[in-house]
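# Close look at the chain arrangement
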Amino acid sequence: MKISIITFTLGTRTRYLNECIKSIYDDWSIGIELEHHVVFQGAEAKLTSMERDQYNIIVHEWPKNIGIGNGLNEIIPQCTGDLLFKMDDDCKIVSKDFFVQAKWIHEQYPMAIF
């Protein structure tokens with residue numbers, strides 16, 4: 001199973017974004033492939049190449065902020081996961097095995113939105 005994650009940021013809350021990314025990969029489970037799109041809207045990317053490589057993040061730099069709705073319309077077609085999450089840059093996973101649980105819910109109720 002592959003999970004796609006979309007995170008939009010204006011690039012002003014770097015600490016929160018780094019904590020979000022770290023929490024995603026701290027919870028990552030073997031057997032679940034993650035694809036993480038981080039979209040900087042109207043801002044230059046503030047992730048180091050080491051962070052990009054370490055976490056296998058797909059970074060998008062958009063010259064202007066087009067908003068969440070239009071942004072989702074732009075980025076969703078580029079996502080290849082079986083399950084899609086939009087996670088704000090200040091989101092932090094605190095539940096152990098979050099992705100394992102999400103996978104289970106999706107397998108039991110594939111049409112559910114949760």
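Residues numbered from 1 in each chain as written. Predicted model: local features only at pLDDT ≥ 70, side-chain atom pairs only at ≥ 80, totals over all residues. Heavy atoms only, no water.

## Looking at the overall build of the protein chain
Basically, it comes down to this: Put simply, DSSP H or I for four residues or longer makes a helix, DSSP E for two residues or longer makes a strand, and each gets a number counted from the N terminus. Our radius of gyration is a C-alpha quantity, and the globule rule it is checked against amounts to 2.2 Å times the number of residues to the power 0.38. The buried label goes to any residue with under 20% of its type's maximum accessible area, the exposed label to any with over 50%, and the partly exposed label to all in between, with areas taken from a 1.4 Å probe on protein chains only. Between two residues, a contact is recorded if the distance between any of their heavy atoms is within 4.5 Å. All accessibility values rest on the Shrake-Rupley procedure with a 1.4 Å probe; residue burial counts only the protein chains present in the view. Residues counted as positive are Lys and Arg, residues counted as negative are Asp and Glu, and His and the chain ends are not counted. One atom stands in for each charge, and that atom is NZ of Lys, CZ of Arg, CG of Asp or CD of Glu.
Helix and strand counts for the protein chain come out as 4 helices and 4 strands. In the protein chain, the succession of helices and strands from N to C terminus is β-α-β-α-β-α-β-α. At 14 Å, the protein chain has a C-alpha radius of gyration in line with the 13 Å of a compact globule built from 114 residues. Referenced to the eigenvectors of the C-alpha coordinate spread, the extents of the protein chain come out at roughly 40 × 30 × 20 Å. The buried share of the protein chain, taken over its 114 residues, is 40%. Within the protein chain, counting contacts between residues at least 6 apart in sequence, those at least 24 apart form 65% of the total. Carbon and sulfur atoms provide 53% of the accessible area of the protein chain, an area that totals close to 6,900 Å². Positive and negative charge centroids in the protein chain, built from 11 and 16 side chains respectively, lie 4 Å apart.

## Observations concerning helix α4 (residues 98-108)
To keep it simple, the criterion reads: Directions drawn from the helix axis to the C-beta atoms are what define this arc.
All buried positions along α4 are accounted for by Phe99, Ala102 and His106. Down the axis of α4, the smallest arc covering the buried residues is 55°, so these residues share one side. Buried-residue contacts for α4 involve β1 (2-9), α1 (14-27), β2 (33-41) and β4 (83-86).

## Concerning the sheet that holds β2
Rules: Any two strands with at least two DSSP bridges between them are considered paired. Note on method: axes are straight lines fitted to C-alpha atoms, helices fitted across the in-contact stretch only, with angles between N-to-C directions ranging 0 to 180 degrees.
Reading across the sheet, the 4 strands line up as β3-β2-β1-β4 and stay open at both edges, with parallel pairing between neighbours. A single partner strand is all that each edge strand has here, and the edge strands are β3 (57-62) and β4. In this sheet, adjacent strand axes meet at a mean angle of 20° when their direction is disregarded. The sheet strands contacting α1 are β1, β2 and β3, and the helix crosses β2 at an angle near 170°.

## Notes on the packing of aromatic side chains
Definition in use: Whether two aromatic rings pair depends on their centres lying within 6.5 Å, for rings of Phe, Tyr and Trp, where Trp uses its six-membered ring; planes under 30 degrees apart make the pair stacked, over 60 edge-to-face, and the rest tilted. Over a ring means this: the NZ of a Lys or the CZ of an Arg is within 6 Å of the ring centre and within 35 degrees of the ring normal.
By the definition in use, this model includes 5 aromatic pairs. Between Tyr25 and Tyr55, the ring centres sit 5.0 Å apart and the planes meet at 35°, which makes this aromatic pair tilted. Linking Tyr25 in helix α1 with Tyr55 in helix α2 (residues 49-55), this pair joins segments that are 30 residues apart in sequence. Overall, Tyr55 belongs to the buried group, its relative accessible area being 16%. For the pair Phe85 and Phe99, a centre-to-centre distance of 6.1 Å together with 80° between the ring planes defines the contact as edge-to-face. Taken together, the positions of Phe85 in strand β4 and Phe99 in helix α4 put the pair 14 residues apart, joining distant regions of the chain. Given the relative accessible area of 10%, Phe85 is considered buried. Since its relative accessible area comes to 0%, Phe99 is described here as buried. An aromatic cluster of at least three residues, connected via ring pairs, comprises Phe85, Phe98 and Phe99. Just above the ring of Tyr16 sits the side chain of Arg15; from NZ or CZ to the centre is 4.9 Å.

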